[in-house]
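Secondary and tertiary structure notes
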Amino acid sequence: MEIFIGYILKALVLPPGGSLFAILLSLGVPRRRRWLRGGLFVAGFVSLWLCCTPWFAGLLAAGLESYPALDRTATQGAGAIVVLGGGREIRAREYEGSDTLRDDTLVRVRYGAVLARALGLPVAVSGGNVLEGNTRAVGVIMDEVLEREFNVPVEWVEASSRNTAENAARLAEMLTTQRIILVTHAYHMRRAVAVFERVGFTVVPAPTAFIHGTGSGSLDIFSWLPSASALGASRAVLHEWLGLAYYALRYRRATE
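Please read all numbers here as calculations on a predicted model, not as lab measurements.

Looking now at the overall build of the protein chain. Along the protein chain, the regular secondary structure elements total nine helices and seven strands. At 20 Å, the protein chain has a C-alpha radius of gyration in line with the 18 Å of a compact globule built from 256 residues. Viewed in the frame of its principal axes, the protein chain has a C-alpha envelope of about 65 × 50 × 45 Å. Of all 256 residues assigned to the protein chain, the portion counted as buried reaches 43%. The contacts of the protein chain with a sequence gap of at least 6 include a subset with a gap of at least 24, amounting to 72%. Entry remark: accessible area of the protein chain is about 14,100 Å², with carbon and sulfur atoms responsible for 58%. Of the charged side chains in the protein chain, 26 are positive and 22 negative; the average position of the first set lies 12 Å away from that of the second.

See the structure below:
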């Protein structure tokens, strides 16, 4: 129930939901309160525009993407590559109605496969069913994609976790090594490293899909023009900032 309620709140708060909600509220404010009506509309419009710009998405990500790209000389002593799951596509028509990986999970799986071939280490994948009614766990699909499409064998499949904290807890019960190479999005790495270290792992971060610092590196007109991809990036990064705050309260209390 906690995770289900969280999904509803995120839909209302995170972009574009929060901005659209502010605009909708402005329409219901009596005309005699023009300052409130106008303030809500402007706040909703401006926040939506900003979240749609590559500049703002990169600015939000800058404080999260604190781990650089993996230096492979730092992987000595690692016993496994751990790839964290994300989303999935349910009953994809082009795959004959079977479930497959969404782009966010696929980019992690691809990088995990590259590292597995380069380093010769066993791979663990982690991801379960977040909401009831989903039929196949993300971890199971990750296992199939790695083995069938990337020809990379998977040693451990964790398929019951629903969030990053549960990823770490379940894998701590399965893996026979403590030093791991952790693969996830660059903006997600801070939270992931914290929870994996909390359960006893020594983590070598292997971030992928950086947002901050990509592109030409200089501001131009396209940095301020709205795009769907920038909106998705802003939403993902704001979600991660909320996740960091929530984990600081939720799991600190759990260990006190």
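Another point: the sheet that holds strand 4 (residues 123–126). In space, the five strands of this open sheet follow the order 5-4-1-6-7, with parallel pairing throughout. Since the sheet does not close on itself, it has two edges, and those belong to strand 5 (156–158) and strand 7 (202–208), each with one partner. Averaged over all pairs of adjacent strands, the angle between strand axes in this sheet comes to 20°, irrespective of strand direction. Sheet analysis places strand 1 (residues 80–84) next to strand 6 (residues 179–185), joined by four bridges and oriented parallel. Residue Ala 80 lies in a different strand from strand 6, and its bridge partner there is Ile 180. Lying on the sheet, helix 5 (residues 103–119) is in contact with strand 1, strand 4, strand 6 and strand 7; it crosses strand 6 at an angle near 145°. Across the face of the sheet, helix 8 (residues 189–198) comes into contact with strand 1, strand 6 and strand 7 while running at roughly 150° to strand 6.

What follows covers the packing of helix 5 against helix 6 (residues 138–148). Packing of helix 5 against helix 6 leaves a shortest axis separation of 11 Å and a crossing angle of 45°. On the basis of the axis angle, helix 5 is oblique to helix 6. The handedness of the crossing between helix 5 and helix 6 is right-handed. Residue-level contacts link Thr 105, Leu 106, Val 109 and Ala 113 of helix 5 to Val 138, Met 142, Val 145 and Leu 146 of helix 6. Considered class by class, the residues forming the contact of helix 5 with helix 6 number seven nonpolar, one polar and no charged.

Looking now at the environment of Val 140. If you trace the backbone, Val 140 turns up in helix 6. Of the residues examined, Val 140 reaches a relative accessible area of 30% and is grouped as partly exposed. Each C-alpha atom, one on Val 140 and one on Leu 231, is 30 Å from the other, the two residues being 91 residues apart in sequence. When residues no more than four places from it in sequence are discounted, the contact partners of Val 140 are Val 157 and Ala 159.

As a further point, take the packing of aromatic side chains. Per the stated rule, a full pass over the model turns up five aromatic pairs. Ring geometry for Phe 45 against Trp 49: centres 6.2 Å apart, planes inclined by 40°, an arrangement best described as tilted. With a gap of four residues between them, Phe 45 and Trp 49 both fall in helix 3 (residues 34–51), about one helical turn apart. For Phe 45, a relative accessible area of 45% corresponds to the partly exposed category.

Calculation criteria
Residues numbered from 1 in each chain as written. Predicted model: local features only at pLDDT ≥ 70, side-chain atom pairs only at ≥ 80, totals over all residues. Heavy atoms only, no water. Helix = DSSP H or I, 4+ residues; strand = E, 2+ residues; numbered from the N terminus. Rg over C-alpha atoms; globule rule 2.2 N^0.38 Å. Buried < 20%, exposed > 50% of the residue type's maximum accessible area, 1.4 Å probe, protein only. Contact = heavy atoms within 4.5 Å. Areas by Shrake-Rupley, 256 points an atom, 1.4 Å probe, with all protein chains shown as cover. Lys, Arg positive; Asp, Glu negative; His and termini not counted. Charge placed at Lys NZ, Arg CZ, Asp CG, Glu CD. Pairing = 2+ DSSP bridges. Axes fitted to C-alpha atoms, helices over the stretch in contact; angles between N-to-C directions. Parallel < 35°, antiparallel > 145°, perpendicular 65-115°, else oblique. Left-handed = near helix turned anticlockwise from the far one by under 90°. Nonpolar A, V, L, I, M, F, W, Y, C, P; charged D, E, K, R; others polar. Phe/Tyr/Trp six-rings, centres within 6.5 Å; stacked < 30°, edge-to-face > 60°.

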